[in-house]
Amino acid sequence: SQQGEEDPQALSIQEGENATMNCSYKTSINNLQWYRQNSGRGLVHLILIRSNEREKHSGRLRVTLDTSKKSSSLLITASRAADTASYFCATDAREYGNKLVFGAGTILRVKS
Amino acid sequence: EPEVTQTPSHQVTQMGQEVILRCVPISNHLYFYWYRQILGQKVEFLVSFYNNEISEKSEIFDDQFSVERPDGSNFTLKIRSTKLEDSAMYFCASSLLAGVTDTQYFGPGTRLTVL
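Bear in mind the structure is a predicted one, so any value in this text is a computation, not a measurement. Starting from 1, residues in each chain are numbered consecutively following that chain's sequence as written. Starting at A for chains and at 1 for ligands, labels are handed out in the order in which the entities are written. Only residues with pLDDT of at least 70 get local features here, since the model is predicted, and only at 80 or more are side-chain atom pairs given and counted; chain-wide, interface and lining totals rely on the full set of residues. In computing side-chain values, all of the structure's heavy atoms are included and hydrogens and water are not.

A.B. asks: It is not clear to me how the interface of chain A and chain B should be interpreted in this structure. Could you clarify?
C.D. replies: How big an interface is tends to be stated in terms of accessible area lost as the parts join. Counting residues at the interface gives 24 residues for chain A and 22 residues for chain B. Of the roughly 1800 Å² buried between chain A and chain B on both sides combined, carbon and sulfur atoms contribute 51%. Put simply, a salt bridge is a Lys or Arg side-chain nitrogen that is within 4 Å of an Asp or Glu carboxyl oxygen. Where chain A touches chain B, the interface holds zero salt bridges. Nitrogen and oxygen atoms within 3.5 Å of one another constitute a polar contact, given that in protein one can donate a hydrogen and the other can accept it, and given that sequence-neighbouring residues count only through two side-chain atoms. Where chain A packs against chain B, one counts three residue pairs in polar contact (both at pLDDT 80 or more). Only runs of H or I of at least four residues qualify as helices and only runs of E of at least two qualify as strands under DSSP, and these elements are numbered from the N terminus. Of all the secondary-structure elements, those providing two or more residues to the side of chain A that touches chain B are β4 (29-37), β5 (43-50) and β9 (85-93) of chain A. Sort the elements by how many residues they give to the side of chain A that touches chain B and β4 of chain A lands first, with five residues. Note on residue classes: Ala, Val, Leu, Ile, Met, Phe, Trp, Tyr, Cys and Pro are nonpolar, Asp, Glu, Lys and Arg are charged, and everything else, Gly too, is polar. Taken together, the residues of the side of chain A that touches chain B break down into eight nonpolar, 11 polar and five charged. Two residues form a contact once any of their heavy atoms are found within 4.5 Å. Accessible area that two parts lose when put together, evaluated with a 1.4 Å probe and summed over both, is termed the buried area.

A.B. asks: How should the sheet that holds strand β1 (residues 5-7) of chain A be read in this particular structure?
C.D. replies: Hydrogen bonds between backbone groups are what pair the strands of a sheet, and the pairing can be parallel or antiparallel. All names here are of chain A. Read from one edge of the open sheet, five strands run β1-β3-β8-β7-β6, paired in antiparallel fashion. The outermost strands of the open sheet, each flanked by one partner alone, are β1 and β6 (55-58). Taking the axes of each pair of neighbouring strands and ignoring which way they run, one obtains an average angle of 20° across the sheet. Note on pairing: two strands pair once DSSP finds at least 2 bridges between them. Strand direction decides the pairing type here: β1 and strand β3 (residues 19-24), joined by three bridges, are antiparallel. Note that in β3 the partner of E6 across the bridge is C23. Between N-to-C directions, angles span 0 to 180 degrees; the directions come from axes that are lines fitted to C-alpha atoms, helices contributing only their stretch in contact.

A.B. asks: Explanation requested: the layout of surface pockets in the structure shown.
C.D. replies: Here the idea is plain: a probe the size of a water molecule rolls over the atoms and shows the empty space left. Lining residues are those with an atom within 4 Å of a point, where the points come from a 1 Å grid over the protein atoms alone and group into cavities, where a 1.4 Å probe fits but cannot get out, or pockets, open sets with protein on both sides within 12 Å along at least five of seven lines. Grid points are joined across faces, edges and corners, and a volume is the space filled by probe spheres set on the points. Volume-wise, the largest pocket comes out at about 530 Å³. Residue lining of the largest pocket: 29 residues in total, with Q37 and S86 of chain A together with Q37, G40 and Q41 of chain B positioned closest to the centre. Contributions of two or more residues to the lining of the largest pocket are made by β1, β9 and β11 (106-111) of chain A together with β9 (88-95) and β11 (110-114) of chain B. Within the lining of the largest pocket, the residues separate by chemical class into 11 nonpolar, 14 polar and four charged. Approximately 430 Å³ is the volume attributed to the second largest pocket. Taken together, 16 residues form the lining of the second largest pocket, with L43 and V44 of chain A together with E3, F106 and G107 of chain B sitting closest to its centre. Elements that contribute at least two residues to the lining of the second largest pocket include exactly β5 of chain A together with β10 (105-106) of chain B.

A.B. asks: Honestly, the side chain of Q104 of chain B in this entry has me stumped. Any pointers?
C.D. replies: By the element assignment, Q104 of chain B lies in the loop between β9 and β10. Only 2.7 Å separates the side chain of Q104 of chain B from the side chain of Y35 of chain B, close enough to count as a polar contact.

A.B. asks: For this particular structure, what's the right way to read the environment of R22 of chain B?
C.D. replies: Residue and element names in this part refer to chain B. Relative to the helices and strands, R22 resides in strand β3 (residues 19-24). C-alpha separation for the pair R22 and P70, spaced 48 residues apart in sequence, amounts to 11 Å. R22 has contacts with T5, Q6, T7, W34, F75 and T76, leaving out every residue within four places of it along the chain.

A.B. asks: I tried to follow the pattern of salt bridges on my own but got confused; where do I start?
C.D. replies: Two side chains with opposite charge may pair up if their charged atoms get near one another. Residue and element names in this part refer to chain B. Going through the model one piece at a time under the given rule, you end up with four salt bridges over all chains. Note that E44 is salt-bridged to R36, the shortest N-O span being 3.3 Å. According to the relative accessible area criterion, R36 is buried, its value standing at 10%. For each residue, the accessible area found with a 1.4 Å probe, counting protein chains only, is set against the maximum for its type, and the residue is called buried under 20%, exposed over 50%, and partly exposed in between.

A.B. asks: Sorry, what's going on with the sheet that holds β3 of chain B here?
C.D. replies: All names here are of chain B. If you walk across this open sheet you meet the four strands as β1-β3-β8-β7, and the pairing is antiparallel. Each edge of the sheet is formed by a strand with only one pairing partner; in this case those strands are β1 (5-7) and β7 (65-68). Averaged over all pairs of adjacent strands, the angle between strand axes in this sheet comes to 20°, irrespective of strand direction. Two elements, β7 and strand β8 (residues 75-79), share four bridges in a ladder whose sense is antiparallel. Residue pairing for β8: E68 is matched across the bridge by T76.

In structure tokens:
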């Protein structure tokens, strides 16, 4: 299966609720990055977490990394309608050189 | 805040024609990349470029593709003879350091439609 797989595939929540998205990967990594993509638009970088880090925060975003389980989660707290987008994790596995390998993404819909 | 820019935002071309997609990476960045995203599918790596040469390329990046940094600011992707299956969103990205240690910043993309 693919490096960097997100779940769920789709998530629908009410404004104000928290949204959690998960990412699993197969090989050792140097870092893991989360990106957001609004429909038909470019990729916006959210957070980079290095393999020696366990947790990182940026505003309403919290990312965790568990290298023993080869998984990461992205938590968006107090979601807003503007958070509606696709969210992707991307890994730069050591075997893959300096390219990013993206998962299929989680489509998040925040209802107001 | 500095950003990666891409032109055009949308390119329509006939099968067999050559297209050049243009990117202006962030000015002090040293590593440049092209990715593509076929509609509804994952973002896929095409090629990385450093010090005026390709450092890595995927199996997608065959002889029909080439990249160039013609001057100090532009980074281009050329598709020599487009096929229908080349229709996709093409993203340029850049990073200050090698991607394994640094954030890759993406441009807004060029939507390529091959008819």
